[in-house]
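Observations on the three-dimensional arrangement
Below, each chain spelled out in residue letters.
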Amino acid sequence: MITRREAVAGLAGSLLLGDLAVSKRTAASTGRQELIALPGKAPLIKRTFRAPNYETPLADLQSAFTPNDKFFVRYHLANIPEVDVRAWRLRVSGDSANSSHEWSLDELKRGFETISLAAVNQCSGNRRGLFTPRVPGVQWQNGAIGNANWTGVRLRDVLNKVGVRADAVEVVLDGADTAVLPATPDFVKSLPIGRALDENTLIAFGMNERPLPHWNGAPARLIVPGWTATYWVKHLTEIRVVPRAFDGFWMRSAYRLPANMFATARFPSQERPDAVPITDMVVNSLVTSHVSGDRLVRDRPVELRGWAWDNGAGVATVDVSVDAGRSWRPATLDRDMGRFAWRGFRWPLDTRKAGPLSVSVRATSRSGAVQPAALIHNASGYHHNMIQTVLLEVV
Amino acid sequence: MRRVPLALGLVLHAAFVAETYAGEQDVQLAQGTGHDLVVARCVICHSVDYLEMVAPAMNRGAWEKTVRKMIDAFGAPVSDADLSQILEYLSTNYSAPTLQESP
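Residues numbered from 1 in each chain as written. Chains lettered and ligands numbered in written order. Predicted model: local features only at pLDDT ≥ 70, side-chain atom pairs only at ≥ 80, totals over all residues. Heavy atoms only, no water.

Notes on the overall build of chain A
Scanning chain A for helices and strands turns up five helices and 27 strands. In terms of overall dimensions, chain A is globule-like: its C-alpha atoms have a radius of gyration of 21 Å, near the 21 Å expected for 395 residues. If one aligns the C-alpha atoms of chain A with their principal axes, the spans along those axes are about 70 × 50 × 40 Å. Looking at chain A as a whole, 59% of its 395 residues qualify as buried. Long-range contacts, defined as pairs at least 24 residues apart, comprise 70% of the intrachain contacts of chain A with a sequence gap of at least 6. Total accessible area on chain A stands at roughly 15,200 Å², and carbon and sulfur atoms take up 51% of it. (Helix = DSSP H or I, 4+ residues; strand = E, 2+ residues; numbered from the N terminus. Rg over C-alpha atoms; globule rule 2.2 N^0.38 Å. Buried < 20%, exposed > 50% of the residue type's maximum accessible area, 1.4 Å probe, protein only. Contact = heavy atoms within 4.5 Å. Areas by Shrake-Rupley, 256 points an atom, 1.4 Å probe, with all protein chains shown as cover.)

Here you go:
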């Protein structure tokens, strides 16, 4: 029923610019990784059994669309029911809704226009395990991310069916998963009404042309392209349109950043002078073709490849430096799969000279945002997007 | 099937018997004073592999903050007497020796 094999990771996937000694120590302390398959999923890197947190190995992040069975799994709370699709209903109501209504999955599919879009789904804390100094929380490395083609209906169309009043401030979203203890706050999130009414915010039931897998939110989950995955509520059952800021633990206390640390989207109704909610993703990139420690054969042509993504502004350029960031040259970008999807890049590695080869990758968004050379440290370990450097050797 | 009820033997929490996920029973925790208490309280809501995972980021102060969050925000049934024993166990067995205590 459960397949398990132990994998010994070599060096960590990437060593961080200017921080070599510390990163090597980090790699040593996370050297053993267990690959374990949840029912219906391929073997993934197990971070925790319960609540289930599993990340995608780098080897499975090579394709433009991350396969459903290899897509990462992230839960806060461990009571995760297998939802019976026939019994499942989505209830939409609230103090700022003109009416309330319930839909079955079939009614949802029949009642509204079906949309598909490609979008990156990334945990707010992806790469938390690469933070120096270390911070508590799930110690993700690079794999709490995936890109998929999501199919569903617009949240906007569903909200307009019940009628959104002019005083609406937020939309509150709850899923079927719950905590073990009644005293533990249920995982409930909210979105600014503007983002909820955005044409790209979907209630998705399809993932890569298949039904959503159980562990990724079956039968329907929210898709908030450009925003971190905490808002992509799984096993969606209830939506409320409300005239005030939602005060639940997962909004009020969790997923917060110091104010003015990141130039990300505003969420005014949830902002406080000291702390603001995490919102959209920061510009970022990941090398998938190589990891630090890889050896290249002299004079054999080989490409560095990977993905770059941002908040949906779209990737403008991906630049590569082989001189520790003194000079940068543009990599070739692969086809554009939509502004919310990740964008492939490739760069021919120069293997003419034997010796060490340090390759740094830096993505720039059409918004003008650029990956920083140094980590922007924060206590919760969010938005790790410092420039990645891969240390190779030509032999 | 996937989950196996775990007999906790806790009268106080009999209404909330933890269901474990396949594999988590194999997680071995360090022996020592407080081991049984940590197992009894923590596994009500989550597997104990969290302990080893976060250890490199923890010291006594960080554990106190974390366990207090479990009690205050998440409703973990941990008494004051439990708390000091749990903190002793966690900071002895699941902390990074090199991590500086924050001022």
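Describing the interface of chain A and chain B
Of the residues lining the interface, 33 residues belong to chain A; the matching set on chain B comes to 30 residues. Area buried by chain A at its contact with chain B is led by F49, R50 and L181 of chain A, which between them contribute 29% of it. Where chain A touches chain B, the interface holds two salt bridges. A salt bridge links D49 of chain B to K46 of chain A; the nearest nitrogen and oxygen atoms lie 2.7 Å apart. Scanning the region where chain A abuts chain B turns up ten residue pairs in polar contact (both at pLDDT 80 or more). Put simply, the parts of the chain that give the side of chain A that touches chain B at least two residues each are β4 (44–48) and α5 (249–252) of chain A. (Buried area = accessible area lost by both parts, 1.4 Å probe. Salt bridge = Lys/Arg side-chain N within 4 Å of Asp/Glu carboxyl O. Polar contact = N/O pair within 3.5 Å; in protein donor to acceptor, adjacent residues only side chain to side chain.)

Focus: the packing of helix α3 (residues 60–72) of chain B against helix α4 (residues 80–93) of chain B
All names here are of chain B. The interhelical angle for the contact between α3 and α4, taken along N-to-C directions, is 135°, at an axis separation of 10 Å. Comparing their axes, α4 and α3 come out oblique. Remark: the crossing between α3 and α4 carries right-handed chirality. Residues R60, W63, E64, V67, R68 and I71 of α3 form the contact with α4, whose participating residues are L83, I86, L87, E88, L90 and S91. (Axes fitted to C-alpha atoms, helices over the stretch in contact; angles between N-to-C directions. Parallel < 35°, antiparallel > 145°, perpendicular 65-115°, else oblique. Left-handed = near helix turned anticlockwise from the far one by under 90°.)

A word on the nonpolar core
Residues L108, W150, I203, Y231 and I239 of chain A together with W63 of chain B are the most contacted members of the largest nonpolar core, which totals 103 residues. Residues L296, V315, A331 and V390 of chain A belong to the second largest nonpolar core, which totals 19 residues. (Core = buried A, V, L, I, M, F, W, Y, C linked by side-chain atoms within 4.5 Å.)

Describing the sheet that holds strand β8 (residues 101–103) of chain A
Residue and element names in this part refer to chain A. Strand order in the open sheet made by the five strands is β8-β7-β16-β11-β12, with mixed pairing throughout. The open sheet is flanked by β8 and β12 (188–192), the only strands paired with a single partner. This sheet shows a mean twist of 20° between the axes of neighbouring strands, independent of strand direction. The strands that helix α3 (residues 155–162) touches are β7 (90–93), β8, β11 (170–175) and β16 (236–242); relative to β8, the one it contacts most, it runs at about 140°. (Pairing = 2+ DSSP bridges.)

Let's talk about the packing of aromatic side chains
Summed over the entire model, instances satisfying the criterion amount to 18 aromatic pairs over all chains. Ring geometry for Y89 of chain B versus Y94 of chain B: centroids 6.1 Å apart, planes at 50°, classification tilted. Accessibility assignment for this pair places Y89 of chain B and Y94 of chain B in one class, buried. Feature note: the residues F71, F72, W140, W150 and W232 of chain A constitute an aromatic cluster, connected by ring pairs. Directly above the ring of Y75 of chain A sits K234 of chain A, whose terminal nitrogen or CZ lies 4.2 Å from the centroid. For R362 of chain A, the ring lying beneath its charged end belongs to W328 of chain A, and the centroid distance is 4.3 Å. (Phe/Tyr/Trp six-rings, centres within 6.5 Å; stacked < 30°, edge-to-face > 60°. Lys NZ or Arg CZ within 6 Å of the ring centre and 35° of its normal.)

A look at the confidence of the model for chain A
Averaged over all residues, the pLDDT of chain A is 93; the fraction at 70 or higher stands at 92%. A low-confidence stretch, residues 1–31 of chain A stays under pLDDT 50, and its non-local contacts, those more than four residues away or across chains, total 63 contacts. (pLDDT = per-residue confidence, 0-100.)

Digging into the pattern of salt bridges
By the definition in use, this model includes 24 salt bridges over all chains. Of the charged contacts in the structure, one is a salt bridge between R47 of chain A and E55 of chain A, with a shortest N-O distance of 2.8 Å. Comparing R47 of chain A with E55 of chain A shows no difference in burial state: the two are buried. In this structure, R86 of chain A and D84 of chain A form a salt bridge, with 3.3 Å as the shortest nitrogen-oxygen distance. Residue D84 of chain A is classed as partly exposed on the basis of its relative accessible area, which comes to 36%. Linked through salt bridges whose partners overlap, the residues forming this network are E34 and K46 of chain A together with D49 of chain B.

Overview of the sheet that holds strand β25 (residues 343–349) of chain A
Pairing is antiparallel across the open sheet formed by four strands, whose spatial order is β19-β21-β25-β24 (chain A). Both edges of this open sheet fall to β19 (284–287) and β24 (332–333) of chain A, since each of them pairs with a single strand only.

Observations concerning the confidence of the model for chain B
Residues and elements named next belong to chain B. Residues with a pLDDT of 70 or more make up 77% of chain B, whose mean pLDDT is 84. With pLDDT under 50 throughout, residues 1–15 is counted as low confidence; its partners more than four residues away or in other chains account for 31 contacts. Two summary scores accompany this predicted model of the complex, namely pTM at 0.91 and ipTM at 0.89.

Section: unusual backbone geometry
Residues and elements named next belong to chain A. With an omega of -5°, the peptide bond between T132 and P133 qualifies as cis. By the element assignment, P133 lies in the loop between β9 (114–122) and β10 (145–154). Here A218 and P219 are connected by a cis peptide whose omega angle stands at 0°. With respect to the helices, strands and loops of the structure, P219 is situated in the loop between β14 (210–211) and β15 (221–223). We note that A324 has phi near 60°; this positive angle belongs to a residue other than glycine. The residue A324 is located in the loop between β22 (315–321) and β23 (329–330) in this model.

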